[in-house]
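One-letter residues, chain by chain:
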Amino acid sequence: MRIPCPHCGERGNEEFFYLGAAGLQRPAADASADAWHDYVYQRDNPFGTHKELWQHVNGCRRWLVVTRDTRTHAIAAAEDAAGAPA
Amino acid sequence: MTYSLFSLAREALRGHTGWKPAWRDAAPKPEYDVLIVGGGGHGLASAYYLAKEHGITNVAVLEKSYIGSGNAGRNTTIIRSNYLLPGNERFYEKSMQLWEGLEQDFNYNAMVSQRGVLNLYHSDAQRDQYARRGNSMRLHGVDAELLDEAGVRAMYPFFDYANARFPIRGGLLQRRGGTARHDAVAWGFARGADSRGVDIVQNCEVTGIDVVGGRAVGVQTTRGTIRAKKIGLVCAGSTSRVASLAGLRLPIESHVLQAFVSEGIKPLIDGVITYGAGHFYVSQSDKGGLVFGGDIDGYNSYAQRGSLPVVEDVMESGMALMPAVGRLRVLRQWGGVMDMSMDGSPIIDRTPIEGLYLNAGWCYGGFKATPASGWCFAHTIARDEPHYINSLMRLDRFATGALLDERGAGATPNLH
C-alpha cells in the first residue's frame, strides 16, 4: 500500500505510523464516564470508507488524515491533519 | 454413521461406496430456538455444545459463504494455554482440556498433536517475565517448564543462539500445546452438531437483525426471514458489521493478519516455536511445509490480503531465529480479517439487547480457543449468564475498567 503524502509525494506505508480512526472528539475532562468510554474504546470499524490518522514518521513527520477503503485499501485522499475538516 | 476402524474396513471392502456426507446442507426453516450467525469453528462449536451439553437442538448456524471459509481455514493451527491473567488462563486451559478429548468426543479426526509450544526468551528481563507467566500457569494447574539455553539447544540445535543483538537464552515450554488440523475442527463440529439435529445453512448472509421492544426476535437473510428466541453473533472479522445491524457499536477494529507456508521439506521442526525478539511463530505441517506468521498489518482492513512490509518483517524475524530457512521458498501467503478488541482479549457475553449474545474479539488467537469458545458461548446462551470460565470476558469491562490486557498495551487494537 502506498500513501500519497501531500508534502512528500507517494510513499510506501512502512514509512508511516498508524493511529486509527480520525475525527474522534476528546471529551472534556469532567465529561461523563459514558462519553469517555465511547471515545477511548468504541469504534465504528466501517466496511468501506474510513477516515484515519497516519503520521509520516520517516518523512515530513506531519499527521495526515487519509481517506481509505477498508475493503480494497484504495486511498481516495490524504490531507494534512492541520487543515483537514474533523 | 460412526467413524471407526470397523467402518473403515467395511468401506474398504466395498470400494468406499457407502460413505455419507458428514453433514446436511440444510435449507432454513422459518423459526428456531437459537440462531448462530457465523459458520466458522467457533459458531459450529457453539451449536455443537448447545445440542450436546444443553439439549437445545432446534438450532441453525447461518453462514454467508461455506462453513470454515473464513479464519477457520486461514490460521496457523496452534493450540496452547500459556496465558498470564486469571480471566484468560482458566479459559484457555478449558479449551486445552477440550482439545485433549475432542476427537473421541465428536468422533472425527482433528489431528490434535500435542507436540509442545516453546516461547523463546532473549534477555534476563524477558526470562523473568516468562517465569512469571509460567508460575501463573502452574498456579492454574497447567504445565509449564522454564528452559535455559542448554535445554533449548537439546531440542533445537539449529537456532542462531549467538545472535549479536538477540541471543537466545532459553524458553518457556508448554509440552501439552501443539497443533490441530484447522479444517477438520470445523468439519468435526459441523458433523457433531448436524447429527444432533442442528441445521447448517450455507450461502445465507444475515442482512438485518429484527429488534422489537429491546429484544432480538429474528434476522433478515439472503434466504428469507428467520425468527428465533435467541441469536448468537460469532462473526470474527465481520463482527462490527453484523452487530451494527442491531444498532450496536463495539470496542473492536478489524485488521488483516497474514500467514505463510513454505515448500515441503523433510522433518525439521517437531514442535511449535515462537521467537521472543520479534513477532514470528512457526511449526511444520504433516505435509512438510513450514507454517508461519507474524504481526498483523496494523491498519483497519476487511481485505483478506496483506501488504509487503509485513511480509519482509516476518521473513527477517524467521531469518534472525534460524538462518537455515533462507534457503526455502515460500509457496503460499494469505490474509484473514481479525476482530481486534481494545484490550487484546475476547468477549463472550450477553449484549444490551435481550436475546442477543456476542462472541467476538478473538484478535489473532481464536483458533486455539475454538472448543472452549463454543462451550462457554453455548452455556451463556442456554443459561442467559456467563459460565465462571468466561465470567471475566465481559462486554462491559471496557466501561467498568476490568480489562484483560495481557500485554499491557492499552486501547490500541493494532498493538495487541
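Just above, that's the structure.
On a predicted model such as this, the values are computed, not experimentally measured, just so you know. (Residues numbered from 1 in each chain as written. Chains lettered and ligands numbered in written order. Predicted model: local features only at pLDDT ≥ 70, side-chain atom pairs only at ≥ 80, totals over all residues. Heavy atoms only, no water.)

**Student:** In this structure, what is going on with the overall build of chain B? I would like to understand it.
**Tutor:** Each helix and strand in chain B was counted, giving ten helices and 18 strands. In terms of C-alpha radius of gyration, chain B reaches 21 Å, essentially the compact-globule figure of 22 Å for 416 residues. Taking all 416 residues of chain B together, 57% fall into the buried category. Here the contacts in chain B between residues at least 6 apart in sequence split such that 74% fall between residues at least 24 apart. When the accessible surface of chain B is summed, it comes to about 16500 Å², and 52% of that surface belongs to carbon and sulfur atoms. Of the charged side chains in chain B, 43 are positive and 41 negative; the average position of the first set lies 4 Å away from that of the second. (Helix = DSSP H or I, 4+ residues; strand = E, 2+ residues; numbered from the N terminus. Rg over C-alpha atoms; globule rule 2.2 N^0.38 Å. Buried < 20%, exposed > 50% of the residue type's maximum accessible area, 1.4 Å probe, protein only. Contact = heavy atoms within 4.5 Å. Areas by Shrake-Rupley, 256 points an atom, 1.4 Å probe, with all protein chains shown as cover. Lys, Arg positive; Asp, Glu negative; His and termini not counted. Charge placed at Lys NZ, Arg CZ, Asp CG, Glu CD.)

**Student:** Quick question: what am I supposed to make of the environment of Gly374 of chain B here?
**Tutor:** With respect to the helices and strands, Gly374 of chain B occurs in helix H9 (residues 366-383). Filtering out sequence-adjacent residues up to four positions away, Gly374 of chain B remains in contact with His42, Ala45, Ser46 and Tyr49 of chain B.

**Student:** Help me out: how do you make sense of H9 of chain B in this one?
**Tutor:** Residue and element names in this part refer to chain B. In H9, a bend of some 40° at Ala372 exceeds every other bend along the element. The element H9 is extensively covered by neighbouring structure, given that 16 of its 18 residues are classed as buried. Among the residues trailing H9, Asp384 stands out with phi positive, at a value near 65°. (Bend = angle between axes of the 7 residues up to and from the residue.)

**Student:** Can you help me understand a negative patch on the surface in this one?
**Tutor:** A cluster of acidic side chains, namely Glu14 of chain A together with Glu312, Asp313 and Glu316 of chain B, defines a negative patch on the protein surface. Residue classification places Asp313 of chain B among the partly exposed residues on the basis of a relative accessible area of 31%. (Patch = residues over 30% accessible without salt bridge, like charges linked within 9 Å, V, L, I, M, F, W, Y side chains within 5 Å. Salt bridge = Lys/Arg side-chain N within 4 Å of Asp/Glu carboxyl O.)

**Student:** Is there a simple way to think about the interface of chain B and chain A in this case?
**Tutor:** How large an interface is tends to be reported as the accessible area lost when its parts come together. Listed by partner, the interface residues are 24 residues for chain B and 22 residues for chain A. The junction of chain B with chain A conceals about 2200 Å² of combined surface from both sides, 51% of it contributed by carbon and sulfur atoms. Along the contact surface separating chain B from chain A lie two salt bridges. The closest approach of N and O atoms between Asp44 of chain A and Arg249 of chain B, which form a salt bridge, is 2.6 Å. Taken together, the connections running from chain B to chain A amount to 13 residue pairs in polar contact (both at pLDDT 80 or more). When residues of the side of chain B that touches chain A are traced back to their parent elements, those giving at least two are helix H7 (239-244), strand S12 (252-264), strand S15 (289-300) and helix H10 (397-400) of chain B. Sorting elements by how many residues they give to the side of chain B that touches chain A places S12 of chain B first, with four residues. Residues belonging to the side of chain B that touches chain A are distributed by class as follows: twelve nonpolar, eight polar and four charged. (Buried area = accessible area lost by both parts, 1.4 Å probe. Polar contact = N/O pair within 3.5 Å; in protein donor to acceptor, adjacent residues only side chain to side chain. Nonpolar A, V, L, I, M, F, W, Y, C, P; charged D, E, K, R; others polar.)

**Student:** How should the pairing of strand S10 (residues 215-221) of chain B be read in this particular structure?
**Tutor:** On a regular strand, one side chain projects to one face of the sheet and the next to the other, so that they alternate. Residues and elements named next belong to chain B. As paired elements, strand S9 (residues 206-212) and S10 share six bridges and run antiparallel to each other. Counterpart to Asp210 in the pairing with S10 is Gly218. Joining the antiparallel neighbours S9 and S10 is a turn of two residues, in which Gly213 adopts a positive phi near 60°. Connecting the antiparallel pair S10 and strand S11 (residues 224-233) is a turn made up of two residues. (Pairing = 2+ DSSP bridges.)

**Student:** I keep staring at the sheet that holds strand S3 (residues 17-21) of chain A and nothing clicks. Help me out?
**Tutor:** Paired through backbone hydrogen bonds, the strands of a sheet run either parallel or antiparallel to each other. All names here are of chain A. The antiparallel open sheet is built from four strands, whose spatial order is S3-S4-S5-S6. The open sheet terminates on both sides in strands that have one partner only, identified here as S3 and strand S6 (75-80). Taking each pair of neighbouring strands and ignoring which way they run, the sheet shows an average axis angle of 25°. (Axes fitted to C-alpha atoms, helices over the stretch in contact; angles between N-to-C directions.)

**Student:** Sorry, what's going on with the packing of helix H3 (residues 86-106) of chain B against H9 of chain B here?
**Tutor:** Between two packed helices, what matters for the description is the angle formed by their axes and the separation of those axes. Residues and elements named next belong to chain B. At a minimum axis separation of 8 Å, H3 and H9 run at an interaxial angle of 95°. Considering the angle they form, H3 stands roughly perpendicular to H9. Here Phe91, Tyr92, Lys94, Ser95, Leu98 and Trp99 of H3 come into contact with H9, specifically with Phe367, Lys368, Ala369, Thr370, Pro371, Ala372, Ser373, Trp375 and Cys376. Among the residues forming the contact of H3 with H9, the class breakdown is ten nonpolar, three polar and two charged. (Parallel < 35°, antiparallel > 145°, perpendicular 65-115°, else oblique.)

**Student:** Is there a simple way to think about the sheet that holds strand S16 (residues 330-341) of chain B in this case?
**Tutor:** All names here are of chain B. The mixed open sheet is built from eight strands, whose spatial order is S5-S6-S4-S13-S14-S15-S12-S16. Strands at the two margins of the open sheet, each flanked by one partner only, are strand S5 (145-148) and S16. Pairwise comparison of adjacent strand axes, ignoring direction, gives a mean angle of 25° for this sheet. With four bridges connecting them, S5 and strand S6 (residues 170-174) associate as antiparallel partners. Across the sheet, residue Leu146 finds its bridge partner in S6, namely Leu172. Each of strand S4 (117-121), S12, strand S13 (272-275), strand S14 (280-284), S15 and S16 is contacted by helix H8 (residues 308-321), which is oriented at about 135° to S15, the strand it contacts most.

The values reported here are purely geometric and, on their own, carry no functional implication.
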